[in-house]
Amino acid sequence: MKLAIVGCTGLVGNEVLNVLSELSVPVAELILVASKKNIGKKVAFKNEKITIVGIQDAIDKIPEIAIFCAGSKVSKKWAQKFVDSGTSVIDNSSFFRMEENIPLIVPEVNGAVLKKSNKIIANPNCSTIQMVVALNDIYKKFGLKRLVISTYQ
C-alpha cells in the first residue's frame, strides 16, 4: 500500500507513525508530508529515514490512502485535492465531522458502514473515540438511554 501521512511531524502524526510501526502495517511506500519548514528533513520509520515532502508532491505520487493529522485548515484546502487524484482520505481534524455525506467512523464500532465510494472518512475527537469503543459493548449487552459526558481538555 502507498500511504501518505499529512502532518507527520505533529503529535498526532507521530503517533500514527508509531502505531503503523507497532502493528507492522504493510506499507510499500510511505509518503511523509509536513509544513514548508520541514520539507527535506528526514523522519525515522522502522529501519529507514524518510524525507518529508510538500503536500503537492504527495498528491502527485497518488497514494492509495492519505491520513490527515494536520488540522482543519489543511483538511479544508487539501483533502479534496487528494480525492480528485484517486486517494482515499482519513481525516483526523474536525473539518468533516458534521458533514452529512462524510461518514463519522470509529472502526471498532461502526466500521461496517463504510463503502468503497467513501473517499473521505472523518473520525470523532480523541476522547470520544476512546469512550465509544468502551461503551459500545455495554450498549450492545445492556443498552444505554442517555449519557452526560464532560471533558476538560
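Keep in mind that this is a model prediction, so the values were computed, not measured. (Residues numbered from 1 in each chain as written. Predicted model: local features only at pLDDT ≥ 70, side-chain atom pairs only at ≥ 80, totals over all residues. Heavy atoms only, no water.)

Participant: What am I meant to see in the sheet that holds strand β2 (residues 29-33) here?
Facilitator: Taking strand neighbours across the sheet as the criterion, the five strands line up as β2-β1-β5-β6-β7 in an open arrangement whose pairing is parallel. Looking at which strands have only one partner, the edges of the open sheet turn out to be β2 and β7 (120-122). Within this sheet the neighbouring strands show an average axis-to-axis angle of 15 degrees, counted without direction. As judged from the five bridges shared by strand β1 (residues 2-6) and β2, these two strands associate in the parallel manner. Paired with L3 across the strands is L30, a residue of β2. (Pairing = 2+ DSSP bridges. Helix = DSSP H or I, 4+ residues; strand = E, 2+ residues; numbered from the N terminus. Axes fitted to C-alpha atoms, helices over the stretch in contact; angles between N-to-C directions.)

Participant: Where do I start with helix α5 (residues 126-142) in this structure?
Facilitator: Helical geometry: 3.6 residues make up each α-helical turn, so side chains three or four residues apart lie on a common side. Over its 17 residues, α5 runs 25 Å from end to end, which matches the ideal 24 Å to within 8%, given 1.5 Å per residue. Residue L135 marks the point of greatest curvature in α5, where the axis turns by about 35 degrees. In the segment just after α5, G143 is the residue with positive phi, at about 85 degrees. (Expected span 1.5 Å × (residues − 1). Bend = angle between axes of the 7 residues up to and from the residue.)

Participant: Quick question: what am I supposed to make of the nonpolar core here?
Facilitator: Soluble globular proteins: nonpolar side chains tend toward being buried together. Counting residues in each nonpolar core, the largest one holds 19 residues, and the members touching the most others are V33, F68, F82, V89 and I120. Broken down by secondary-structure element, the contributors of at least two residues to this core are β1, β2, α2 (55-60), β5 (65-68), α3 (72-84) and β7. In terms of residue count, the dominant contributor to this core is α3 (four residues). Dropping the residues within four chain positions of it, V89 is found in contact with A66, F68, A79, F82, V83, K119, I120 and I121. Of all hydrophobic cores here, the second largest spans 16 residues; its members include L20, L32, A34 and F45. (Core = buried A, V, L, I, M, F, W, Y, C linked by side-chain atoms within 4.5 Å. Buried < 20%, exposed > 50% of the residue type's maximum accessible area, 1.4 Å probe, protein only. Contact = heavy atoms within 4.5 Å.)

Participant: What is the right way to look at a nonpolar patch on the surface in this model?
Facilitator: A cluster of nonpolar side chains, namely I138, Y139, F142, L144, L147 and I149, defines an oily patch on the protein surface of about 610 Å² accessible area. Here L147 shows up in the segment after α5. Its relative accessible area of 44% is what places L147 among the partly exposed residues. (Patch = residues over 30% accessible without salt bridge, like charges linked within 9 Å, V, L, I, M, F, W, Y side chains within 5 Å. Areas by Shrake-Rupley, 256 points an atom, 1.4 Å probe, with all protein chains shown as cover. Salt bridge = Lys/Arg side-chain N within 4 Å of Asp/Glu carboxyl O.)

Participant: Any chance you could explain the side chain of S93 here in plain terms?
Facilitator: Along the chain, S93 turns up in the loop between β6 (88-91) and α4 (107-110). Reaching out from S93, the side chain makes a polar contact with the side chain of D91 at a distance of 2.7 Å. Once you skip the residues sitting within four places of it in the chain, S93 turns out to touch F68, G71, S72, S75 and N123. (Polar contact = N/O pair within 3.5 Å; in protein donor to acceptor, adjacent residues only side chain to side chain.)

Participant: Any chance you could explain the pattern of salt bridges here in plain terms?
Facilitator: Oppositely charged side chains can form a pair if their charged atoms are brought close together. Tallied over the entire structure, the rule returns two salt bridges. A salt bridge links K2 to E29, with the nearest nitrogen and oxygen atoms 3.8 Å apart. Here K2, found in strand β1, pairs with E29, found in strand β2; they are 27 residues apart in sequence, far enough to count as distant. Among the residues examined, E29 registers a relative accessible area of 29% and is labelled partly exposed. Among the ionic pairs, K61 bridges to E29, the shortest N-O distance being 3.9 Å. One end of the pair, K61, is in the loop between α2 and β5; the other, E29, is in strand β2, with 32 residues separating them in the sequence. Residues joined by salt bridges that share partners form a network here, namely K2, E29 and K61.

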